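The primary structure of each chain is shown beneath.
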Amino acid sequence: MEEMGFRQCRGLLRGWLNMAVRWLFLLLACSGVATIREVGANTYPGVQLLVHNNQVVMANGIVEVTFSNPGGDVTGIKFNGIDNLLEPRNRETNRGYWDIVWNRPGEASTYMRIEGTTFKVVANTDDVVEVSFVSRWSRSSDSSLAPLIVDKRFVVRRGSSGLYGYAIFEHPKGWPDLDIGEARIVFKLYGQKFHYMAISDDRQRVMPTAEDRATGRVLDYKEAVLLTNPSDLELEGEVNSNYIIFVLCVDFNHRKKFSKKKKVYNLDTHLKHHPQVDDKYQYSCENQENKVHGWISSDPPVGFWMITPSHESHTAGPVKQDLTSHVGPTTLNVFYSNHYAGKDVNMSFRNGEAWKKVYGPFMVYVNSVSPKEDESKLWVDAKGQMLTETVSWPYDFIHSDDYPSATERGTVSGQLSVRDRYIKNGDMAADSAYVGLAPPGEVGSWQTDAKGYQFWTRADGNGSFEINNVRPGVYGLYAWVPGFIGDYRYHRNITVKPGSDIELSALVFIPPRSGPTLWEIGIPDRTAAEFYVPLPNPSLMNKVFKNDTGERFRQYGLWERYSELYPKNDLVYTVGVDDYRRDWFFAHVTRNIGNSTYVPTTWRIDFNLQNVNFRGTYRLQMAVASATQSRISICVNDPNEEPHLSTGRFGYDNAIARHGIHGLYWKFGFDVPGSRLHRGTNSIYLGQSRSARTPFEGVMYDYIRLEGPPRTQ
């Protein structure tokens, strides 16, 4: 039984510790900021608000932000001598705006900019100004308007180098049905200034311009373009012949298993200049990693950054992937989409369902250095500001009853163990487990939830976890543990109230298991990253990585490499001989046989059994990291028989085409009668897709395991 309630002593101690950690991070972050610009609230004048008939201006001595009135679009950001960091050549409605993709049931999707119809000043002091632009549907509204109330909020603080924003989406009870496919805020920056983009320490590059893309060659889909005549010399050149030879050698070694040594690939060594591919999906990242990204201008040296201090309002959990920044120059904060998930993640409202959600707040941070300083300091400073914002969450300057303060939130803590008697007799600590609170649902339902809030953390080495700053509400507690298949869900819902300090008793996760492991392929970590990711086609590369970070999967066209490596015969993997890191292709895709014609493929797993229990039942455990219009049909020892095991058609995440090493997670288990096995050599055939239509139909396996019959107790 869990113990719930207030533990005042422990809660007080935790509060003091959290405060100390916050101040430590703030001091460290501020020391980094000071290398760019000394910013102190007391050194700047109070925030000024000017309201005109068609525009609203907020200024604090560092930035000046202009909005359309009452539309609420961000039309200008003045900073460091630049009159507007946003694209002045664009219409005012096409610079900084919220938008959605939506539809009525049974109708095609519609793109809609969210334009306010009423303006209101929410707070106006020397320290903070907050304004509101509300868009409200009515039954007399244009049919192109979504039946929603959207309250767009913007905040400027004294001494703050940027602005904050959030939006309150509401579908009141009884309003018409609708589906929402995407909700985001977009900033389009000054194209003549911003040329360098940074997503992480390793993913940074000089970016092509919109004009470069317009003159390039569209590849398999419109988002992917080969830059045939780029304006920047860093984006053009010829393929180095040594690199082509290198690729051919590695491919030969992979096919022939000639080399048992892992090849080391260094982009700078083998490729100096080459035609590059640009695709906005190459810059995607998981929610848990999407904390700061943006752009750098060289003249003058200025940075524009999107900072996300919390992901409580983002959908589908910590490993959901989405867009960040891309050519434009454009910077996004995508709060909801079905990218890397497909229609399995869907936000639908039926029968007048009432719903309200706050997206954000986020921060748009701007910074600068002197022309004599290294521009990389802008990225370092932005990361420091991200830490400052993160430890300041939840903010204490937001003026909305829909955004609870720190004292109005709660904490949930506990300890999770794993019980698998085929690995260890005693329980094991759920080391580094992902543990989260999400709306109540079935096991694993958090990864398709789009309407509620989610709060996640990582357990320590002992499986202990603490989830802080939880909004009041009713939640399910979910978890999964790297190294084990399956999902955990606590058997009761948890009600968090303002100030709650809920401590759960020992929790035990029993992962799927029927018998002892006979063999296994891969690592159960919900990705295909451990498998063989081929070198990209030398003429279809993107030099987005500063170093070889192991994220080769983000290169374009890797699905076509399967047909090049296996032009006639499909993959055969021999248990005990082959190494999945070298011999298991990362994606089970279709084969291109020419003339845009694709055929299904069948992989074979060969394995040896010295003893077989012909009356027993074996179990094939299969975890899938991604699926797109897939069906895995399974045959045992006879590839010509009608498959007696199948997943059925599943998956729409399109992660293969969008350079993701995972999409949605799927778990399957199949019983294999012992009578179908032999003593000695056996084969399992995995047939993928009965009707191949595109190169993107396929799966990325996470982990496969064959278990023997259960042991006699």
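Scroll up to find the structure.
## Comments concerning the sheet that holds strand β40 (residues 601-609)
- As summarised here, the arrangement of the five strands in space is β36-β40-β46-β42-β43, forming an open sheet in which the pairing is mixed. A single partner strand is all that each edge strand has here, and the edge strands are β36 (572-574) and β43 (645-646).
- Two strands pair when backbone bridges link them, and strand β42 (residues 632-636) and β43 are joined in this way by two bridges, in the antiparallel orientation. Directly across from Ile-634, in β43, lies its bridge partner Leu-645.

## Some thoughts on the pairing of strand β24 (residues 355-368)
- Buried residues dominate β24, accounting for 13 of its 14 residues.
- Note that strand β10 (residues 162-171) and β24 share nine bridges and pair antiparallel. Residue pairing across strands places Ala-167 opposite Tyr-359, the latter belonging to β24.
- With six bridges joining them, strand β19 (residues 301-307) and β24 adopt antiparallel strand pairing. Paired with Phe-304 across the two strands is Val-366, which belongs to β24.

## Digging into the nonpolar core
- Of all hydrophobic cores here, the largest spans 65 residues; its most connected members are Trp-584, Leu-620, Met-622, Leu-686 and Tyr-701.
- Setting aside anything within four residues of it in sequence, one finds Leu-686 in contact with Trp-584, His-588, Thr-601, Thr-602, Trp-603, Ile-605, Met-622, Ile-632, Ser-633, Ile-634, Tyr-701 and Ile-704.
- Among the nonpolar cores identified, the runner-up in size contains 63 residues, and Val-129, Phe-133, Met-207 and Phe-304 belong to it.

## Some details on the packing of aromatic side chains
- This structure, assessed with the given rule, holds 45 aromatic pairs.
- When the centroid spacing of 4.1 Å and the interplanar angle of 5° are considered together, the rings of Tyr-434 and Trp-480 count as stacked. Remark: Trp-480 occurs in strand β30 (residues 473-480) and Tyr-434 occurs in strand β27 (residues 434-438); sequence separation between them is 46 residues. Residue Tyr-434 shares its accessibility class with Trp-480, and that shared class is buried.
- Ring geometry for Phe-650 and Trp-666: centres 5.1 Å apart, planes at 70°, overall edge-to-face. Here Trp-666 lies in strand β45 (residues 666-673) and Phe-650 lies in strand β44 (residues 650-652), a separation of 16 residues in the sequence.
- Overall, the relative accessible area of 5% leaves Phe-650 in the buried class.

## Details of the pattern of salt bridges
- The final tally for this structure, using the stated rule, is 33 salt bridges.
- Note that Arg-513 and Asp-420 form a salt bridge whose closest N and O atoms lie 3.2 Å from each other. Taken as a pair, Arg-513 in the loop between β34 (507-509) and β35 (517-522) and Asp-420 in the loop between β25 (410-418) and β26 (428-429) lie far apart in primary sequence, 93 residues in all. Across the pair, exposure class does not vary: Arg-513 and Asp-420 are buried alike.
- Close ionic contact of Asp-583 with Arg-582 constitutes a salt bridge, the shortest N to O distance being 3.0 Å.

## Quick notes on the environment of Asp-99
- In this structure, Asp-99 sits in strand β5 (residues 96-103).
- Distance from Asp-99 to Val-334, taken between C-alpha atoms, is 9.9 Å for residues 235 residues apart in sequence.
- Not counting residues up to four positions away in its chain, the partners in contact with Asp-99 are Tyr-111, Met-112, Arg-113, Ile-114, Glu-182, Ala-183, Arg-184 and Val-186.
- In this structure the side chain of Asp-99 is engaged in a polar contact, spanning 2.8 Å, whose partner is the side chain of Tyr-111.
- There is a polar contact of 3.0 Å between the side chain of Asp-99 and the side chain of Arg-184.

## Comments concerning the sheet that holds strand β7 (residues 118-124)
- Read across the sheet, nine strands follow the order β7-β8-β9-β10-β24-β19-β18-β12-β13 without closing on themselves; strand pairing throughout is antiparallel. Of all the strands in the sheet, just β7 and β13 (204-206) have a single pairing partner and so form its edges. Across the sheet, the axes of successive neighbouring strands diverge by a mean angle of 20°, strand direction being ignored.
- Note: strand β12 (residues 194-198) against β13, three bridges, orientation antiparallel.

## Points about unusual backbone geometry
- Going from Asn-69 to Pro-70, the amide bond is cis rather than trans, its omega being 10°.
- Cis peptide bonds are those with omega within 30 degrees of zero, and the linkage from Gly-360 to Pro-361 qualifies with 5°.
- Mapped onto the elements, Pro-361 comes out in strand β24.
- For Asn-80, which is not glycine, the phi torsion reads 55° and is therefore positive.
- Along the polypeptide, Asn-80 turns up in the loop between β4 (74-79) and β5.
- Given a relative accessible area of 38%, Asn-80 falls into the partly exposed group.
- Phi at Asn-654 takes a positive value of approximately 60°, unusual for a residue other than glycine.
- Checked against the element boundaries, Asn-654 lands in the loop between β44 and β45.
- Among the residues examined, Asn-654 registers a relative accessible area of 22% and is labelled partly exposed.

## Regarding the side chain of Asp-449
- Among the secondary structure elements, Asp-449 is positioned in the loop between β27 and β28 (455-458).
- Despite its burial, Asp-449 pairs with no opposite charge; the closest candidate is Lys-357, at 5.7 Å N-O.
- Excluding its chain neighbours within four sequence positions, the residues that come into contact with Asp-449 are Thr-315, Ala-316, Pro-439 and Gln-454.

## Considerations on helix α6 (residues 558-565)
- Burial of α6 is extensive: seven of the eight residues sit out of reach of the surface.
- Here α6 has its buried residues at Leu-558, Trp-559, Glu-560, Arg-561, Tyr-562, Ser-563 and Leu-565.

## Notes on the environment of Thr-647
- Structurally, Thr-647 can be placed in the loop between β43 and β44.
- Residue classification places Thr-647 among the buried residues on the basis of a relative accessible area of 15%.
- Sequence spacing of Thr-647 and Ser-633 is 14 residues, and the spatial spacing of their C-alpha atoms is 6.7 Å.
- Setting aside residues no more than four positions away along its own chain, Thr-647 makes contact with Arg-631, Ile-632, Phe-668 and Phe-670.
- In terms of polar contacts, Thr-647 uses its side chain to reach the backbone amide nitrogen of Ile-632, at 2.9 Å.

Rules used in this analysis
Residues numbered from 1 in each chain as written. Predicted model: local features only at pLDDT ≥ 70, side-chain atom pairs only at ≥ 80, totals over all residues. Heavy atoms only, no water. Pairing = 2+ DSSP bridges. Helix = DSSP H or I, 4+ residues; strand = E, 2+ residues; numbered from the N terminus. Buried < 20%, exposed > 50% of the residue type's maximum accessible area, 1.4 Å probe, protein only. Core = buried A, V, L, I, M, F, W, Y, C linked by side-chain atoms within 4.5 Å. Contact = heavy atoms within 4.5 Å. Phe/Tyr/Trp six-rings, centres within 6.5 Å; stacked < 30°, edge-to-face > 60°. Salt bridge = Lys/Arg side-chain N within 4 Å of Asp/Glu carboxyl O. Polar contact = N/O pair within 3.5 Å; in protein donor to acceptor, adjacent residues only side chain to side chain. Axes fitted to C-alpha atoms, helices over the stretch in contact; angles between N-to-C directions. Lys, Arg positive; Asp, Glu negative; His and termini not counted.

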